[in-house]
Amino acid sequence: MNAYALLLCGGSGTRMGANENKTLLKIGGVPAIVRCFRAFRGAVKGIVLVARAGEEPVFSDVLAAYGCVPLAIVHGGEDRQASALNGLRALPPDADIALIHDGARPFVTEEIIRRVIQSVEQCGSGVAAVLARDTIKRADRDGIVLETLDRSELWQMQTPQGFFVKDLLAAHAAAQARYTDDAALMEAAGHPVRLVPGSPDNIKLTSPEDVRMVNGMLTPRIGTGFDAHRLVEGRELWLGGVQVPYEKGLLGHSDADVALHALMDALLGAAAMGDIGNLFPDKDPQYKGISSILLLKEVGKRLTDAGFTVGNADVTIVCQAPKLAPYIPQMRETIASALAIPAGQVSVKATTTEHMGYEGSGEGISAQAAAILFQ
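Just so you know, these numbers come straight off a predicted model, no measurement behind them.

Take the nonpolar core next. Ile-33, Phe-40, Leu-239, Leu-267, Leu-296, Ile-317 and Ile-365 are the most contacted members of the largest nonpolar core, which totals 82 residues. Among the elements that take part in this core, helix 8 (residues 258-270) stands out by supplying ten residues, more than any other. Beyond its immediate chain neighbours, meaning those up to four positions away, Phe-40 contacts Ala-5, Leu-7, Ile-47, Leu-99, His-101, Val-108, Ile-113 and Pro-160. Membership of the second largest hydrophobic core comes to 20 residues, among which are Tyr-4, Ala-84, Leu-91 and Met-186.

Right under this line is the structure:
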């Protein structure tokens, strides 16, 4: 069956004390909605994003900066129920299953998503939820306890909430009231709602304390890299993915881009995934003369597949000549594009050794890099 995701992004961020949509708030340097998108794209056929009217261009730009391409970005309605219906109407004709997810839940996992899909395929519904951990009491408006509820039967609803598209559309058409989630809508329409295990980590961003908490849940990983190559005549000079006009180029099996080689080793080191010598051995003919930007894209893909996001990257190129300042903005943009992150998360610097050592004599060029990943 074809499963599609609807990411609801109508939250204003008012309760967060934020001046932007809360799904755009950065968690570990990455917007919450991007984290959601990455979790879903490996499990569903396509993703539709539902945003507040007027914010569609903002979300389009943010997602594009991280290499995320939704099927459509549609405007929301007056409440969650209306927004979900707008998203459902934007799904393609082949959509069998819709997974509706709050864009303010950035720590949903592909494992949870696949559990929901499997439940829908087998039972017609699947809603991520967790058993209540604390004792729950029912009280009157004055705070006087009326009864203590049996928490073994109480669940806290999460998202995604998955159902067959045709059933959801019929439930919306028949609704006589407004509901706070899709499970309640389907219950009212007479459909059994099956719960599947979510996760205590799959929390919804509601208050500033939530943002601090989820940032604390992230594990920062720091890596460093170093590379050096000899300058020779008859070679093009590539640095940071940019061809720099010069009388010499760097000698190596690939294009010998020391800046990108150092950066790749920093990224791989942070993820404990080896180094470029292991991944792209210089004895392998398929890498002969290859552009290091292609290798960087492959490293970025492997990091994403392993659940890592790039917090920032910093590269220092050491050479006496040529002067690199005019090319640094393009290097930053090129690196950012390869890693599908904004250029603001990439730093490239150049320095000399005051004519000391092999860099200072023009014998070669070296580069150092540092990177932070979050998982």
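Averaged over every residue, the pLDDT of the protein is 93; the share at 70 or more is 98%. Least confident of the elements in the protein is helix 7 (residues 208-217), whose mean pLDDT is 79; most confident is strand 6 (residues 97-102), at 98.

Attention now goes to the packing of helix 10 (residues 292-305) against helix 11 (residues 328-339). If you want to describe how two helices pack, look at the angle between their axes and the distance between the axes. The interhelical angle for the contact between helix 10 and helix 11, taken along N-to-C directions, is 40 degrees, at an axis separation of 8 Å. Between helix 10 and helix 11, the angle is such that the two are oblique. When helix 10 is examined against helix 11, the residues Ile-293, Leu-296, Lys-297 and Gly-300 are found in contact with a partner set consisting of Thr-334, Ile-335, Ala-338 and Leu-339. In the contact of helix 10 with helix 11, the residues fall into five nonpolar, two polar and one charged.

A surface patch of nonpolar side chains, amounting to about 260 Å² of accessible area, comprises Leu-131, Trp-155 and Met-157. Here Met-157 lies in strand 10 (residues 155-164).

Here we take up the packing of aromatic side chains. All chains considered together, the criterion is met by one aromatic pair. Aromatic side chains Phe-280 and Tyr-287 sit 5.4 Å apart centroid to centroid with 75 degrees between the ring planes, which places their arrangement in the edge-to-face category. Neither residue differs from the other here; Phe-280 and Tyr-287 are each classed as buried.

Turning our attention to helix 7. Those residues of helix 7 that sit buried are Asp-210, Val-211 and Val-214. What you see down the axis of helix 7 is that its buried residues fit within an arc of 100 degrees, all on one side. Pointing more than 90 degrees away from the buried face of helix 7 are the exposed residues Arg-212 and Gly-216. Buried residues belonging to helix 7 abut strand 2 (26-27).

A word on the sheet that holds strand 18 (residues 364-374). Where strands meet in a sheet, backbone hydrogen bonds hold them as pairs that are either parallel or antiparallel. Strand order in the open sheet made by the five strands is 15-12-18-16-17, with mixed pairing throughout. The open sheet has two edge strands, strand 15 (248-250) and strand 17 (346-351), and neither has a second partner. On average, each strand axis in the sheet is tilted by 20 degrees relative to the strand beside it, whichever way the strands run. Across six bridges, strand 16 (residues 309-318) lies against strand 17 in parallel orientation. Bridge pairing in strand 17 links Ile-317 to Ala-350. Across the sheet, helix 11 is in contact with strand 16 and strand 17; its angle to strand 17 comes to roughly 145 degrees.

In this section: the state of the cysteines. The term disulfide refers to a covalent linkage connecting the sulfur atoms of a pair of cysteines. Taken as a whole and assessed by the stated rule, the structure comprises zero disulfides. Of all cysteine sulfurs in the structure, the one in Cys-36 sits closest to Cys-9, which takes part in no disulfide; the separation is 7.2 Å. The buried category is assigned to Cys-9, whose relative accessible area is 0%.

Another point: the environment of Leu-24. You can see Leu-24 is positioned in the loop between strand 1 (3-9) and strand 2. On the accessibility criterion, Leu-24 (9% relative accessible area) is buried. Leu-24 has contacts with Pro-31, Ile-33, Val-58, Phe-59 and Val-62, leaving out every residue within four places of it along the chain.

Here we take up unusual backbone geometry. Cis geometry marks the peptide bond from Thr-159 to Pro-160; its omega dihedral reads 15 degrees. Cis geometry marks the peptide bond from Ala-321 to Pro-322; its omega dihedral reads 0 degrees. Inspection of the secondary structure puts Pro-322 in the loop between strand 16 and helix 11. Backbone geometry at Ala-256 places phi at a positive 60 degrees, although glycine is not the residue there.

The next point concerns the packing of helix 3 (residues 80-89) against helix 5 (residues 165-174). Packing of helix 3 against helix 5 brings their axes to within 11 Å, and their N-to-C directions diverge by 135 degrees. Classified by the angle between their axes, helix 3 and helix 5 sit oblique to one another. For helix 3 against helix 5, the interelement crossing comes out left-handed. Between helix 3 and helix 5, the residues in contact are Gln-81, Ala-84, Leu-85 and Leu-88 and Leu-168, Leu-169 and His-172, respectively.

Most of strand 6 is tucked away, with six of its six residues classed as buried. What you see with strand 6 is no split at all: Ile-97, Leu-99 and His-101 on one side and Ala-98, Ile-100 and Asp-102 on the other are buried throughout. Note: strand 1 against strand 6, six bridges, orientation parallel. In the sheet register, Ala-5 faces strand 6, and the bridge partner there is Leu-99. Taken together, the four bridges between strand 6 and strand 10 define a ladder with antiparallel strand orientation. When the sheet's bridge partners are listed, Ile-100 is paired in strand 10 with Gln-161.

Cut-offs and rules
Residues numbered from 1 in each chain as written. Predicted model: local features only at pLDDT ≥ 70, side-chain atom pairs only at ≥ 80, totals over all residues. Heavy atoms only, no water. Core = buried A, V, L, I, M, F, W, Y, C linked by side-chain atoms within 4.5 Å. Buried < 20%, exposed > 50% of the residue type's maximum accessible area, 1.4 Å probe, protein only. Helix = DSSP H or I, 4+ residues; strand = E, 2+ residues; numbered from the N terminus. Contact = heavy atoms within 4.5 Å. pLDDT = per-residue confidence, 0-100. Axes fitted to C-alpha atoms, helices over the stretch in contact; angles between N-to-C directions. Parallel < 35°, antiparallel > 145°, perpendicular 65-115°, else oblique. Nonpolar A, V, L, I, M, F, W, Y, C, P; charged D, E, K, R; others polar. Patch = residues over 30% accessible without salt bridge, like charges linked within 9 Å, V, L, I, M, F, W, Y side chains within 5 Å. Areas by Shrake-Rupley, 256 points an atom, 1.4 Å probe, with all protein chains shown as cover. Salt bridge = Lys/Arg side-chain N within 4 Å of Asp/Glu carboxyl O. Phe/Tyr/Trp six-rings, centres within 6.5 Å; stacked < 30°, edge-to-face > 60°. Arc of directions from axis to C-beta. Pairing = 2+ DSSP bridges. Disulfide = S-S within 2.5 Å. Left-handed = near helix turned anticlockwise from the far one by under 90°.

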